[in-house]
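# A closer look at the structure
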Amino acid sequence: MGNKFLESMLRAAVKGGGIGETAPLAGFVDIEGVRRTIESLRSAFPPHFQHMFAAKANSMSPVLSLVREAGMGCEVASPGELEQALRCGFKPDQVVFDEPAKTLPVLKKVLKTGVALNIDNFQEFDRVSALLKETPSPSRIGFRINPQVGSGAIGAMSTATSSSKFGVALEDEGNRKALLDRYLQHDWLTTLHTHVGSQGCSLQLLTAGVRKVTDLAKQINEAAGHAQVRVIDIGGGLPVNFESEEVTPTFADYADELRKAVPELFDGEFVVKTEFGRSILAKNGCIVSRVEYTKRS
Ligand SMILES: *Cc1c(COP(=O)(O)O)cnc(C)c1O
């Protein structure tokens, strides 16, 4: 948000009672700014890229409805976020479900709803496989992969170190073969997902993870003899510059890096999904609180 915009917004909010004695704290979202940001995302990538908004960045209903109307799908990581997304009008095929530890009742619900499902581990795979034997599902399903490309500058926001807990660790002994076997034996496995991390991750780290998962998709498809993996979900994680109002890196910067590292994602061989959260909202909102007292000591 630019300072001029912020000032006029605050004046209007104070005048209208949105912030004041009985409302000392308020959050603001720049609706036009969000629309512009989503437009810059969509124009940075070709049309076979489908962009999901990571609901954890801001799961309030008006925000979810806003990003939906601006053309995004939704990535959710809990049953609550899933409910919220469906309530805000996302169609099941516009939603990706990424909860790390899915209970059996939640898996049943997800498969029934038909939202895309990213399986976290081999035990979860066994549950899903058993459920599908009972009842077929319209969900697009595949594994989440930890490409183990290392940590960014902030450990807590890096999800692709050798011991990160999300997804199947690709380089751990036996896992690549176990994945290949699962895909070759189960034709309902048609997607692959990765999310390298968020704030603090360089573009090179993000694209290195996407490179590894794309290579895995090609390895599976070659072994299967046909294009079994059709969707690659490359996650989110574009870092945000919190030091100034400048937007850096931009979605176009990321697209350039991705085109260099994984050119085949741009030729339409795969449907590509993304899951950006922070980078859609961070520059387009703020929390404002009223100062009651100022003290010195
Ligand atoms: C947090 C998260 C995202 C979004 O990350 P941002 O840094 O907000 O873009 C996407 N996918 C998954 C699985 C996540 O956990």
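Coordinates for the structure precede this section.
The structure contained in this document is the topic of the report that follows. (Residues numbered from 1 in each chain as written. Predicted model: local features only at pLDDT ≥ 70, side-chain atom pairs only at ≥ 80, totals over all residues. Heavy atoms only, no water.)

Here we come to the pattern of salt bridges. In the structure shown here, the tally under the stated rule is 15 salt bridges. Here Glu21 makes a salt bridge to Arg290, at a shortest N to O gap of 3.7 Å. Residue Glu21 is located in the loop between α1 (3–16) and β1 (25–29), and its partner Arg290 is located in the segment after β11 (285–289); the two are separated by 269 residues in the primary sequence. With its nearest N and O atoms 2.9 Å apart, the salt bridge here joins Lys177 to Asp181. Of this pair, Lys177 and Asp181 both sit in helix α7 (residues 175–185), separated by four residues, roughly a single helical turn. By relative accessible area, Lys177 is classed as exposed at 55%. (Salt bridge = Lys/Arg side-chain N within 4 Å of Asp/Glu carboxyl O. Helix = DSSP H or I, 4+ residues; strand = E, 2+ residues; numbered from the N terminus. Buried < 20%, exposed > 50% of the residue type's maximum accessible area, 1.4 Å probe, protein only.)

Turning next to the site of the ligand. What surrounds the ligand is a group of 13 residues, the closest being Lys56, Ser198, Gly237, Glu275 and Arg278. Ser198 has a polar side-chain atom sitting 2.8 Å from an oxygen atom of the ligand. Alone, the ligand offers 390 Å² of accessible surface; in the complex the protein occludes 90% of this. (Near = heavy atom within 4 Å. Polar contact = N/O pair within 3.5 Å; in protein donor to acceptor, adjacent residues only side chain to side chain. Areas by Shrake-Rupley, 256 points an atom, 1.4 Å probe, with all protein chains shown as cover.)

Our focus in this paragraph is the packing of aromatic side chains. The geometry of an aromatic ring pair is captured by the separation of the ring centres together with the interplanar angle, meaning the angle of the planes. One pass over the structure, following the stated rule, counts ten aromatic pairs. For the pair Phe49 and Phe266, a centre-to-centre distance of 5.3 Å together with 40 degrees between the ring planes defines the contact as tilted. Taken as a pair, Phe49 in strand β2 (residues 49–54) and Phe266 in the loop between α9 (251–261) and β10 (271–276) lie far apart in primary sequence, 217 residues in all. Judged by its relative accessible area of 5%, Phe49 falls in the buried class. Ring geometry for Tyr254 and Phe276: centres 5.8 Å apart, planes at 90 degrees, overall edge-to-face. Residue Tyr254 is located in helix α9, and its partner Phe276 is located in strand β10; the two are separated by 22 residues in the primary sequence. An aromatic cluster of three or more residues is present, and its members are Phe45, Phe49, Phe251, Tyr254, Phe266 and Phe276. (Phe/Tyr/Trp six-rings, centres within 6.5 Å; stacked < 30°, edge-to-face > 60°.)

Another point: the pairing of strand β5 (residues 116–119). Taking every second residue as pointing to the same face, both faces of β5 are buried, with Ala116 and Asn118 on one and Leu117 and Ile119 on the other. One ladder, built from two bridges, connects strand β4 (residues 95–97) with β5; its direction is parallel. For Phe97, the partnering residue across the bridge sits in β5 and is Leu117. The parallel pair β4 and β5, bridged by helix α5 (residues 104–113), forms a crossover whose chirality is right-handed. As defined by bridge partners, β5 adjoins strand β6 (residues 141–146) across three bridges and the pair is classed as parallel. (Pairing = 2+ DSSP bridges. Right-handed = clockwise from strand over helix to strand, strands pointing away.)

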